[in-house]
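Residue-level structural notes
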Amino acid sequence: MNLVERIRELKRKRKAVLLAHYYQRAEVQDIADIVGDSLKLAIEAARTDAEVVVFCGVHFMAETAAITCPDRVVLLPDANSGCPMADMCHPRELAELKSRYPDAVVVSYVNSSAAVKAQSDICCTSANAVKVMKSVPTDRPVIFVPDRWLGQYAAERAGRSRLIWADSTRDLAEREGEGAPVVLWDGYCHVHHHILPEFVREAMAKHPEAELCAHPECRDEVVKMARFTGSTGQILAWCSSSEHREFLIATEEGILHPLRKANPDKTFHPVTSLAVCHDMKLVTLEKILWALEDMEPRVTVEAETAAGARKAIDAMLALSA
Ligand code: SF4
């Protein structure tokens, strides 16, 4: 029996569901029951009736599944697959920032720890960040953590022009504008941050017919050059329904696999071959098999933290329903 067959058999035996993010290796996406962006996977994890959830992604995603389905076993095939951006916001530092803006609504990107979510009013993903931002009354300040670029994108699309770039102890810059401020945490995803505008310009010159699609974790300058901006799931939907034949993709390279699979008659180019999240690639077929054999590594969240985080996740899911 080959590796894939052994995984499938053990998956049946354990009554497990295998969820995979679009940034996972192609062979991992191909064996998954459900492949999606963070929003889709959070919704699927919350509604699964499987006894075991194998989360092929990074730690905060498995944590979110452990929070939304506490009676299931959640396995993360490589316990070291973290998210450097999530690690940029520490709950103690967030508490300090909250003390400086006591009437602010705290919006946390799902790419954050359970402890940060527990201090938040509502979560968001890149698919619904604008909708979540629009749900906050304009006379209330917002603290957005941890991604400065997604926060800026969501604020601008929601019509909020007064932005403050901050860390926990100081304001780094302020843009004048109407209404209550949106305070942006000074974090970023290193993969998207390093898709530089000059890489985009070079790629556009090389592929003049291609339309640029960017993830909102990209720098503002890159987002402003894009024909379409959205989450991985939204990029997939947009390219699939477009009559255009050629696209430049400014996000992690794993998305090229489902894009090419769903659109064999279209051409997709990565803006740069450097856009690789090595944390996402830590999950392999062998590690999935070992996880199902050993029922380890498990991800759990302490009850009080989980209860606080659950409120923020549920607030987001209610908005996405
Ligand atoms: S691509 Fe960026 S945001 Fe996503 S898991 Fe990797 S480091 Fe974190």
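Whatever comes next refers back to the structure up there.
Keep in mind that what you see is a predicted model, and the values were worked out from it rather than measured.

A cis amide bond links Val-145 to the next residue, Pro-146, at an omega of -15°. Along the chain, the position of Pro-146 falls in the loop between β7 (142-145) and α8 (148-157). The peptide bond linking Glu-296 to Pro-297 adopts the cis configuration, its omega dihedral lying at -10°. Checked against the element boundaries, Pro-297 lands in the loop between α14 (285-294) and α15 (303-320). One non-glycine residue, Lys-15, adopts positive backbone phi at about 55°. In the Ramachandran plot, Met-295 falls in the positive-phi region, its phi being about 55° despite a non-glycine side chain. By secondary structure assignment, the location of Met-295 is in the loop between α14 and α15. Using a relative accessible area of 13% as the deciding quantity, one classes Met-295 as buried.

On to the side chain of Lys-281. Within the secondary structure, Lys-281 is located in the loop between β14 (267-270) and α14. In this structure the side chain of Lys-281 is engaged in a polar contact, spanning 3.1 Å, whose partner is the side chain of Glu-252.

Further remarks concern the packing of aromatic side chains. Given two aromatic rings, one states the distance between the centres and the angle between the planes to describe the pair. Per the counting criterion, the structure on display carries three aromatic pairs. Plain terms: the ring middles of Trp-238 and Phe-247 are 6.1 Å apart, the flat faces sit at 80° to each other, and that makes the pair edge-to-face. Accessibility assignment for this pair places Trp-238 and Phe-247 in one class, buried. Both rings, one in Phe-247 and one in Phe-268, keep their centres 5.3 Å apart while their planes meet at 15°; by these two values the pair is stacked. Of this pair, Phe-247 sits in strand β13 (residues 246-250) while Phe-268 sits in strand β14, placing them 21 residues apart in sequence. For the residue pair Phe-247 and Phe-268, the accessibility class agrees, reading buried in each case. Members of the aromatic cluster, each reached through a chain of ring pairs, are Phe-228, Trp-238, Phe-247 and Phe-268. Between the NZ or CZ atom of Arg-148 and the centre of the ring of Trp-149, over which it lies, the distance is 4.7 Å.

Relative to each other, helix α1 (residues 3-14) and α14 sit at 30°, their axes nearing to 10 Å. Judged by the inter-axis angle, α1 sits roughly parallel to α14. Seen from above, α1 lies across α14 with left-handed handedness. For the pair α1 and α14, the contacting residues are Leu-3, Val-4, Arg-6, Ile-7, Leu-10, Lys-11 and Arg-14 in the first and Leu-285, Glu-286, Ile-288, Leu-289, Leu-292 and Glu-293 in the second. When its residues are assigned to classes, the contact of α1 with α14 shows eight nonpolar, no polar and five charged.

Cut-off values and rules
Residues numbered from 1 in each chain as written. Predicted model: local features only at pLDDT ≥ 70, side-chain atom pairs only at ≥ 80, totals over all residues. Heavy atoms only, no water. Helix = DSSP H or I, 4+ residues; strand = E, 2+ residues; numbered from the N terminus. Buried < 20%, exposed > 50% of the residue type's maximum accessible area, 1.4 Å probe, protein only. Polar contact = N/O pair within 3.5 Å; in protein donor to acceptor, adjacent residues only side chain to side chain. Phe/Tyr/Trp six-rings, centres within 6.5 Å; stacked < 30°, edge-to-face > 60°. Lys NZ or Arg CZ within 6 Å of the ring centre and 35° of its normal. Axes fitted to C-alpha atoms, helices over the stretch in contact; angles between N-to-C directions. Parallel < 35°, antiparallel > 145°, perpendicular 65-115°, else oblique. Left-handed = near helix turned anticlockwise from the far one by under 90°. Contact = heavy atoms within 4.5 Å. Nonpolar A, V, L, I, M, F, W, Y, C, P; charged D, E, K, R; others polar.

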